[in-house]
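Here are the chains, one letter per residue:
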Amino acid sequence: MKSALISVSDKTGVVDLAKRLTTMGWRILSTGGTSKTLNENGVSTTDVSEVTGFPECLDGRVKTLHPKVHGGLLARRSLEKHMQQAESLGIEMIDMVVVNLYPFKATLEKVGSTHEEIIENIDIGGPSMLRSAAKNYEDVVVLCDPTDYEMVLEKFEAGEKFEKADRALLALKVFEHTSHYDTLIASYLQKHTKREEPGKTVTLTYELAQSLRYGENPHQKAWFLKDAIASDTAMASFKQLHGKELSFNNLNDLSATVKMVREFDQPAAIAVKHTNPCGAAVGHDIATAYQLAHDADPTSIFGGIVAVNREIDRETADKMSKIFLEIIAAPSFTDEALEILTRKKNIRLLTIPTDKPYEDTMDVKKIEGGLLIQEADHSGEVPYRVVTDRIPTDSEVADLLFGWKIVKHVKSNAIVLAKNDVTVAVAPGQTSRILAAENAIRQAGAQVKGTVMASDAFFPFPDVIEAAAAVGITAIVQPGGSVNDPDVIAAANKHGITMIFTDKRHFRH
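Overview of the structure. Along each chain, residues carry numbers from 1 onward, in the same order as the chain's sequence is written. In view of the model being predicted, local features appear only for residues whose pLDDT reaches at least 70, and side-chain atom pairs are presented and counted only at 80 or more, with totals across whole chains, interfaces and linings using the full set of residues. Side-chain descriptors were evaluated using all non-hydrogen atoms of the structure, hydrogens and water having been removed beforehand.

With that settled, the discussion passes to the nonpolar core. Throughout, nonpolar core names a set of buried Ala, Val, Leu, Ile, Met, Phe, Trp, Tyr and Cys residues whose side chains join them through atoms within 4.5 Å. Partly exposed describes any residue whose relative accessible area lies between the buried limit of under 20% and the exposed limit of over 50%, with all areas from a 1.4 Å probe on protein chains only and scaled to the type maximum. Core analysis: the largest hydrophobic core is formed by 48 residues, its most contacted members being Met-96 and Val-97. Per the convention used, a helix needs a DSSP run of H or I reaching at least four residues, while a strand needs a run of E reaching at least two, with both numbered from the N terminus. With seven residues, helix H10 (residues 164–193) is the largest single contributor of residues to this core. Residues are treated as being in contact if the distance between any of their heavy atoms lies within 4.5 Å. Apart from residues no more than four positions distant in its own chain, Val-97 is found in contact with Leu-5, Leu-73, Met-129, Leu-130, Ala-133, Val-140, Val-141, Val-142 and Leu-143. Residues Leu-251, Val-258, Phe-402 and Ile-406 belong to the second largest nonpolar core, which totals 41 residues.

Structure below.
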């Protein structure tokens, strides 16, 4: 008689599984709550303690950690020595293991869970049984996912041989599952112990959120996986209300847009193309902010992504509906706004908590053969010092700080020109700072006079100051820190430009 050991936290489908196995002549071994559920539903079970000859103890912490369990899972049926040892030790073979684990993540996410409750939901016996069975997958069928029950039952009921390849896939699933489970625990403990630096090894775990239309290009497949330990962050908790399926580029651009709009407490709108802002503004209400962001670069915003940090109302939706936008993201939409925007078949409308503070603590970049991990670049309050003879006016300070919040999100070398809390020009990704400045000036055209300039890194030479002075830029914010700072400051003083240093660089590569 074949034996199946069933011990599950998630009891979805387990009664049907056990009944059908019993009908085929299997013996059901079980423990605790699972045994109780099966017995109440008419399935006869043998308690694991009857097999081990040892009772459950320590409040159920020890049930299946016993040689008669793991011997029955790990014995190689094809090795005569194994089978002789098992017989001499009174170890009976276990041919199937059905186990899913204590709800560690659910406990972690439950409001009000204490550290003690979270620790108590670290499963020990379950992963041990799964790993033993998965290691011996040629002889033992191992199930950790209720969605696999029906496939296995159908094969057995049809009298089909359960092929080695099928068993191997189930074993792979087990090791993926237990690895994910262990990483959740490690991630929690890393945060709980507040260790400032990573250990000698770093394991990250993500959960598949959805398949995407395609990657950066249509010939590339793509998926969105969310951080399993921080599943309530903005990008992990968006909801799509309308429009086509999302692509890799959509989500990449959306992430950049959301990070920018969350820099602002006042009503703000950010338009992005290829992760760089093409229009950004704040206003007394969201309709005004959007219109200003649109007018900052009405050409580039076409086909772009827009995020705002207030509910989208009818007035704002009416303005947005006049051009083609790929995505509009907001904390919420009024019913009137949705009625207007959903007339456009392909536009994607997403609710996302853009009014919440930025939450990521680490920034991870994939390079060939490895990962680069750094602290996230949170600017927060921007302390600065005036380094020129002329002190900036209040309005210049406001524009300088606005530009500084935007330029930190622009690919280096980056220059942003701004005026009245609106971007006038954005010049990203240049190979020299003077080239970025010249591109921004050229882009601004007749509107350049009276703007302020923000630079993500210091000026190595006074050439940018000379170019700014020639077109009437009145104020500059930059980190400072160049060996040529004295020459740069002297050039600003010569032209009556006021300049502030933040002493903090914002390279973005």
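Having put the structure on the table, let's press on.
Should a side-chain nitrogen of Lys or Arg be within 4 Å of a carboxyl oxygen of Asp or Glu, the pair is scored as a salt bridge. The tally for this structure, following the rule as stated, stands at 21 salt bridges. Among the ionic pairs, Lys-173 bridges to Asp-148, the shortest N-O distance being 3.0 Å. Taken together, the residues Lys-173 in helix H10 and Asp-148 in the loop between strand E5 (141–143) and helix H9 (149–157) connect sequence positions 25 residues apart. Assessed through its relative accessible area of 28%, Lys-173 is described here as partly exposed. We note a salt bridge from Asp-166 to Lys-155, for which the minimum N-O separation is 3.7 Å. Of this pair, Asp-166 sits in helix H10 while Lys-155 is found in helix H9, placing the two residues 11 residues apart along the sequence. Exposure remark for Asp-166: the relative accessible area of 22% places this residue in the partly exposed category.

In this section: the environment of Asp-297. Positionally, Asp-297 belongs in the loop between helix H12 (286–296) and strand E11 (305–308). With 93 residues separating them along the chain, Asp-297 and Arg-390 place their C-alpha atoms 31 Å apart. Every residue in contact with Asp-297, bar those within four places of it in the chain, is listed here: Cys-278 and Gln-443.

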